[in-house]
Amino acid sequence: MYRLLKLTLGAIISMLSIAGILAQRAPRAADLVAEPTHHSTNPWAYDAPAPKPAAVAAKTGPGEPIAIARDGSGQFHLDAQVNGQDARFLVDTGADTVAISEDEAQRLGIDLAGADFQPIVQTAAGQGMAARVRIDRLTIGGTDLGGVSAVVIRGLPVNLLGQSVLRRLGKVELSGDRMVIQPG
């Protein structure tokens, strides 16, 4: 009986030691997930550190693959041009369409009136106010796309590049810390 107790205690101590080592090496969940801001009425707001800059897609020519490195926040961002003006997007394979923040839309010269915003998007916190717009020219990695449907969303903290454009660019492949968009 004493021997069984000794083996059990040894196993428990070993497991605790291994757990301690793994906890030191692995990032904490709180470091990886941005918790929603509970006091905010903005469904897009969250308490998270600003993403660290990362290498974004290099200038490529039409028909060439677009390679994007994962940034310090674990996301993929790329630089594009909206109607000839620089804009930065978070590549969001879960988004259906292109979404632009209200501030960015204003900077890009997309004129909207308050009445243009309708409760047409669903967020985790409920209905979000958005306005449908059309981008005349969206340039990504040397590829020009015309007539791109998008939405301008109130309170959106970053621009999102969704499936409506990703499908037009080609096949999205994820390999470790790189995303590659292969022309279709």
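Residues numbered from 1 in each chain as written. Predicted model: local features only at pLDDT ≥ 70, side-chain atom pairs only at ≥ 80, totals over all residues. Heavy atoms only, no water.

### Looking at the pairing of strand β12 (residues 178-182)
The sheet contact formed by strand β3 (residues 66-69) and β12 spans four bridges and is antiparallel. Paired with Ile68 across the strands is Met179, a residue of β12. Pairing of strand β11 (residues 171-175) with β12, which is carried by five bridges, proceeds in the antiparallel orientation. Among the inter-strand pairings, Ser175 is bridged to a residue of β12, identified as Arg178. Between β11 and β12, which pair antiparallel and follow one another directly, the connecting turn spans two residues, one of which, Gly176, has a positive phi of 65 degrees. (Pairing = 2+ DSSP bridges. Helix = DSSP H or I, 4+ residues; strand = E, 2+ residues; numbered from the N terminus.)

### Let's talk about the sheet that holds β12
Two strands in a sheet stick together by hydrogen bonds in their backbones, pointing the same way (parallel) or opposite ways (antiparallel). The strand order β3-β12-β11 describes an open sheet built from three strands, whose pairing is antiparallel. The open sheet has two edge strands, β3 and β11, and neither has a second partner. Across the sheet, the axes of successive neighbouring strands diverge by a mean angle of 20 degrees, strand direction being ignored. (Axes fitted to C-alpha atoms, helices over the stretch in contact; angles between N-to-C directions.)

### Digging into the environment of Val98
Considering the arrangement of structural elements, one finds Val98 in strand β6 (residues 98-101). When its relative accessible area of 0% is taken as the criterion, Val98 is described as buried. Here the alpha-carbon distance between Val98 and Ser149, two residues 51 residues apart in the chain, equals 7.1 Å. Once residues lying within four places of it in the same chain are set aside, the contact partners of Val98 are Phe89, Ile135, Val148, Ser149, Ala150, Val151, Leu160, Leu161, Gly162, Ser164 and Val165. (Buried < 20%, exposed > 50% of the residue type's maximum accessible area, 1.4 Å probe, protein only. Contact = heavy atoms within 4.5 Å.)

### Notes on the side chain of His77
Of note, His77 is situated in strand β4 (residues 77-82). A relative accessible area of 8% places His77 in the buried class. Of note is the side chain of His77, whose polar atom sits 2.8 Å from the side chain of Asp71. (Polar contact = N/O pair within 3.5 Å; in protein donor to acceptor, adjacent residues only side chain to side chain.)

### A word on the side chain of Thr139
Positionally, Thr139 belongs in strand β8 (residues 126-140). Overall, Thr139 belongs to the buried group, its relative accessible area being 14%. Of the polar contacts made by the side chain of Thr139, one reaches the side chain of Asp144; its length is 2.4 Å.

### A word on the pairing of β8
Direction of pairing for β4 relative to β8: antiparallel, over a ladder of two bridges. Bridging across to β8, Val82 finds its partner in Leu138. Hairpin connection, strand β7 (residues 118-123) to β8: the antiparallel pair is bridged by two residues. Direction of pairing for β8 relative to strand β9 (residues 143-153): antiparallel, over a ladder of ten bridges.

### Overview of the nonpolar core
Counting residues in hydrophobic clusters, the biggest one holds 30 residues, and the most contacted among them are Val98, Leu138, Ile140, Leu161 and Val165. Taken together, the elements giving at least two residues each to this core come down to β3, β4, β5 (85-91), β6, β8, β9, α4 (163-169) and β12. Top element by residues in this core is β8. It accounts for five residues. With eight residues, the next largest nonpolar core counts Ala99, Val121, Ile153 and Leu160 among its residues. (Core = buried A, V, L, I, M, F, W, Y, C linked by side-chain atoms within 4.5 Å.)

### Quick notes on the packing of aromatic side chains
Tallying each qualifying case throughout the model produces zero aromatic pairs. One residue, Arg154, lies across the ring of Phe117, its end atom 4.1 Å from the ring centre. (Phe/Tyr/Trp six-rings, centres within 6.5 Å; stacked < 30°, edge-to-face > 60°. Lys NZ or Arg CZ within 6 Å of the ring centre and 35° of its normal.)

### Thoughts on the confidence of the model for the protein chain
Taken over all residues, the pLDDT of the protein chain has a mean of 76, while the share at 70 or more is 66%. A low-confidence stretch, residues 4-58 (pLDDT under 50), is modelled with 40 contacts involving residues beyond four sequence positions or located in other chains. (pLDDT = per-residue confidence, 0-100.)

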